[in-house]
Amino acid sequence: MSEINKADNTMPQVMREIFSGGLVRTVISILLGFLVGALFMIGSNKEFIESLGYIFARPADALGAAFAVVNDGYGALFRGAIYNADAETFEKAIRPLTETLRLGAPLIAAGLGIGLTFRVGLFNIGGTGQLIFGMIFATFVATRLELPFVLHMVVALIAGIVGAALLGAFVGFLKARTGAHEVILTIMMNYIALYFFTFLMRDPALLQETRASGNPKADAAAETALLPKLLGDNYSLHWGLIFALLAVVVFWWLMERSTIGYRLRMVGFNPDAARAAGINVEKTYILAMALSAGFVGVAAANQALGTAIGVTPSSHANIGFDAITVALLGGSSGPGILLAGLLFGAFKAGAPSMQVFGVSPEVLGIVQGAIVLFIAAPPLIRALFRLPKPQTTNALESIRKRIFTRGGGSK
Amino acid sequence: MTTSKETEVKVGYKSPIVMGSIGLLTLVFLGLLGRDGMVAFEISRRTDSLQLPTLDIDSSLLGVLAGLAMFALAGFSLSKAIKNLKTPIWVSIVFGLVGVTALLGWLAAEKSVPIAFIAGTALVLAVPIILGAMAGIMSERVGITNIAIEGQLLTGAFMAAVVSSITDNFLFGVMAAMVTSALVSMILAVFSIKFLAQQIIVGVVLNVLVIGVTNFLYQQWLTEDAENVNFPGTMDIIKIPVLSDIPLLGPVFFENRITVFFAILIVPTIWFVLFKTRLGLRARAVGEHPLAADTVGINVGRTRFWWVTIGGSIAGLGGAALTIGNAGAFGREMSGGFGFIALAVVILGRWNPIYASLAALLFGFSIILRVWANQVSPGIPTDFITMVPYVVTIIAVVGFVGKSRPPKALAVPYVKG
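Remember, it's a predicted structure, so these values are computed and weren't measured experimentally.

K.L.:
Where do I start with the overall build of chain A in this structure?
P.N.:
When helices and strands are tallied, chain A shows 18 helices and zero strands. In terms of overall size, chain A behaves like a compact globule, its C-alpha atoms giving a radius of gyration of 24 Å where 411 residues would be expected to give roughly 22 Å. Each of the three principal axes of chain A carries a C-alpha extent, and together these read 75 × 70 × 40 Å. Contacts spanning at least 24 positions in sequence make up 74% of the contacts within chain A whose residues lie at least 6 apart.

K.L.:
Can you walk me through the interface of chain A and chain B in this structure?
P.N.:
With 37 residues of chain A at the interface, the matching set in chain B holds 39 residues. Taken together, the elements giving at least two residues each to the side of chain A that touches chain B come down to α8 (151–178), α9 (182–200), α14 (319–329), α16 (363–376) and α17 (378–385) of chain A. Of the residues contributing to the side of chain A that touches chain B, the split by class is 25 nonpolar, 10 polar and two charged.

K.L.:
Is there a simple way to explain helix α11 (residues 259–269) of chain A in this structure?
P.N.:
Given 3.6 residues to a turn, an α-helix orients residues that are three or four positions apart in the same direction. All names here are of chain A. Looking only at α11, the buried set comprises Arg263, Leu264 and Val267. Down the axis, α11 shows its buried residues gathered within 100° of arc, on one side only. Taken together, the buried residues of α11 touch α6 (95–119), α10 (240–257), α12 (271–276) and α13 (281–305).

K.L.:
Even after reading the chapter, I still don't get the nonpolar core, so can you show me in this structure?
P.N.:
The nonpolar side chains of soluble globular proteins are, as a tendency, buried together. Core analysis: the biggest nonpolar cluster contains 262 residues, and Ala138(A), Leu305(A), Ala376(A) and Val345(B) have the highest contact counts within it. Excluding residues that lie within four positions of it along the chain, Ala376(A) makes contacts with Leu328(A), Phe191(B), Ala197(B), Gln198(B), Ile201(B), Val202(B) and Val205(B).

K.L.:
I'm lost on the packing of helix α11 (residues 258–276) of chain B against helix α14 (residues 300–327) of chain B in this one. Help?
P.N.:
What describes two packed helices is the angle between their axes and the distance between those same axes. Residues and elements named next belong to chain B. Interaxial distance between α11 and α14 falls to 10 Å at its minimum, and their mutual angle equals 150°. The angle between the axes of α11 and α14 places the two elements in the roughly antiparallel class. Crossing of α11 over α14 shows left-handed handedness. Listed contacts from α14 to Thr259, Phe262 and Ile266 of α11 are Ile314, Leu317, Ala320, Ala321 and Gly325.

K.L.:
Explain the sheet that holds strand β1 (residues 38–42) of chain B here, please?
P.N.:
Pairing between the strands of a sheet comes from backbone hydrogen bonds, and it takes one of two forms, parallel or antiparallel. Residues and elements named next belong to chain B. Ordered in space as β2-β1-β3, the three strands form an open sheet in which the pairing is mixed. One side of each edge strand has no neighbouring strand; the edge strands of this open sheet are β2 (55–58) and β3 (112–114). Strand-to-strand twist of the sheet, defined as the mean angle between neighbouring strand axes without regard to direction, takes the value 25°. Here three bridges tie β1 to β3, and the two strands are oriented parallel to one another. Residue pairing for β3: Ala40 is matched across the bridge by Ser112. Relative to β2, helix α3 (residues 59–82) is tilted by about 85°, and along the sheet it contacts β1 and β2. Helix α5 (residues 115–141) rests against β1 and β3 of the sheet, and its axis sits at about 40° to β3.

K.L.:
Sorry, what's going on with α14(A) here?
P.N.:
All names here are of chain A. Within α14, 11 of the 11 residues are buried, which leaves the element mostly enclosed by the surrounding structure. Within α14, burial applies to Ile319, Gly320, Phe321, Asp322, Ala323, Ile324, Thr325, Val326, Ala327, Leu328 and Leu329. Backbone geometry just after α14 places Gly331 at a positive phi near 60°.

K.L.:
Looking at this model, I keep getting lost on the packing of helix α7 (residues 170–193) of chain B against helix α8 (residues 199–222) of chain B. Mind explaining?
P.N.:
Residues and elements named next belong to chain B. Two elements in contact, α7 and α8, have axes separated by 10 Å at closest approach and are oriented at 150°. The angle between the axes of α7 and α8 places the two elements in the roughly antiparallel class. The way α7 lies across α8 gives a crossing that is right-handed. Only Gln199, Val202, Gly203, Leu206 and Val210 of α8 make contact with α7, whose side of the interface consists of Val184, Ile187, Leu188, Phe191 and Ser192. For the contact of α7 with α8, a count of residues per class yields seven nonpolar, three polar and no charged.

K.L.:
What exactly am I supposed to notice about the pairing of β1(B) here?
P.N.:
Looking down a regular strand, the side chains alternate between one sheet face and the other. Where β1(B) meets β2(B), four bridges bridge the pair, whose relative direction is antiparallel. The residue bridging Val39(B) from the neighbouring strand is Ile57(B), located in β2(B).

K.L.:
Sorry, what's going on with unusual backbone geometry here?
P.N.:
In most cases, non-glycine residues show a negative phi, while peptide bonds are predominantly trans. Residues and elements named next belong to chain A. Unlike most non-glycine residues, Asn318 shows phi in positive territory, near 60°. Positionally, Asn318 belongs in the loop between α13 and α14. Judged by the 13 C-beta atoms lying within 10 Å of it, Asn318 falls in the partly exposed class.

Rules used in this analysis
- Residues numbered from 1 in each chain as written.
- Chains lettered and ligands numbered in written order.
- Predicted model: local features only at pLDDT ≥ 70, side-chain atom pairs only at ≥ 80, totals over all residues.
- Helix = DSSP H or I, 4+ residues; strand = E, 2+ residues; numbered from the N terminus.
- Rg over C-alpha atoms; globule rule 2.2 N^0.38 Å.
- Contact = placed C-beta atoms within 7 Å.
- Nonpolar A, V, L, I, M, F, W, Y, C, P; charged D, E, K, R; others polar.
- Buried ≥ 20, exposed ≤ 12 C-beta atoms within 10 Å, placed from the backbone.
- Arc of directions from axis to C-beta.
- Core = buried A, V, L, I, M, F, W, Y, C linked by C-beta atoms within 7 Å.
- Axes fitted to C-alpha atoms, helices over the stretch in contact; angles between N-to-C directions.
- Parallel < 35°, antiparallel > 145°, perpendicular 65-115°, else oblique.
- Left-handed = near helix turned anticlockwise from the far one by under 90°.
- Pairing = 2+ DSSP bridges.

Function cannot be read off these values alone, since they describe shape.
So, in structure tokens, the structure goes:
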């Protein structure tokens, strides 16, 4: 009897906790982002603009045009990124989903890296530079060494991770040693890495394709070093996805369960308190930057070993920057980044099919930007939707305990 | 940000060491191991009425002389360091000029160096960076980190091109660019001041958003109807009478588009306001110690808001300089990292408008130098020349060339309480 009463009292508090939590805010931000994108699609649609001329006479025309363009645009996105119902066979219909997974994988891995620095109170804007360094190392192993199948790929993957991590650790070292701000250091490193990579790809003795032409381009990765296809030759999806998922598991374990993760989070929460507790904050910064870049290195290996054509200076595909938005949307948690990476991977996969419908896929860039803009300012969303302030109670946790703990959670 | 007490008391020997090493590299690689052949430095342009003779010198001799001059400057820096004095900034500037001259001479062995052309183009290329850096300085001096300069430049570039094309009037284009960029800045200001959002994140996100919006409109609208909405052309080049006839200085400084003149004027103006007026003193107080500023009755939020916003409008003008001041049309993501360079320039210039502009010229120079080096001596790995300013920025932020100290309250939201 008393048990039930207690539950009744906690219910409103539970709702308040749910609505003040990150999940509701994230969902609202994503919906608002799509809304902003829809407005841009409508605003730039010719039929809609023409119908505006007689909007008071026949408002249905304007509404119809608006609905049609949004339906076309997002419909094409769905068909291009998840399931194409128009395809003749199931194998072809499901192909878009595999593309989403393939393009989402590097975003997930790199997003984990950027998210890790957020948890330590650092900003790693240098995903691009670290990715490029990882690609340099991975490409070197994949094109200049001869190793047996699988082993070659594993060595190249590790080389990619190490290459990226070295650059990250260097930035961490400079920050720890001199107090220079990591944002500036990482942005500068992006450019230095890019020009260095381009230089390497201009010289046949270094990384340039052996049948040298003028443009900077590297040899294709050796077949033994390529990431094997996951679902046979009909799909481009490869083992990069598995490595990204493994990275999520490693990230979760590292951050939530290991001593290192505890130390990292503690520094992120309050560096002064961490220092007082005997943690070497400077060393932690170096470690955090190295680990962060290491995750980015998984994405680098994905880019360098994922396709059988050689890498070029643009092979980083802006993943280093997109990873920032992935980490923000994912709330810097492993599962969150997994979902956020898949969402933005779907954007990349669906873009070409939107083009077919006459909707510029660039609108997805707006959606992406708008989503993270709303995510970046929790008070804005709370004010717009009159959501409650963050709750410091744990009514939700007590229910969770009651359900998931043996013996009803009684202490 | 942690600074140990020792570094504040002792100047240290980092500057002379760095200068000495660069001097040694110059002496060996550009001088002793340098390229033979005479270099002609053309002071006058071939079209000038007054023709001055070219300065001819052997390329490797120039390298040796430059290396020795750099040693002398390093020695001067050392003598200051022994007395525990900082290396004056003019030493760094002269050092940079000597190094640049040696590099030009090395690249153009057996050829000639059109000084006026290179310097003039460097200035034109530097204008968006200078104006972007002014936005950065104005915003960071009041304590708001501005990573969104890239987005502000891009907004300005887009609006200037589109509005100038539609109205057929450059003035409207410039005004639209300034107003819209100010609006983008307002988002940064409001999110940082009112919603206490992480300023670096808001900045990064604004860049993503502006790139998204301009890419979309470019693809959907500007490419479809380029003749009507993206065909502004460039503004006329204005020749200032008498002054533009001065050899070298005339063509570089006094024969330009209005955006360049504006940049030349705005830099000392901002410097004056920031350091010589009560307005600037208040702004700096807000950036250094908002609580103290609040205590003496300065409205911290309002000061921050207006400085960030007005800074944004100046960046908008910088964007206009990209389109109607140089390229003549808008191109996809045409700011191409200039905003991030401006960010570096702010730090390299120690949050000082004049030093920042000099740093921006270094970047502008490195861009034109790459293009020109490809023509004058193909086969030289120009990627390294392009890399130099970024490396210099890193050397500067890690404190080898004098400590650059940001405003104390940078990126710290101020909550009245």
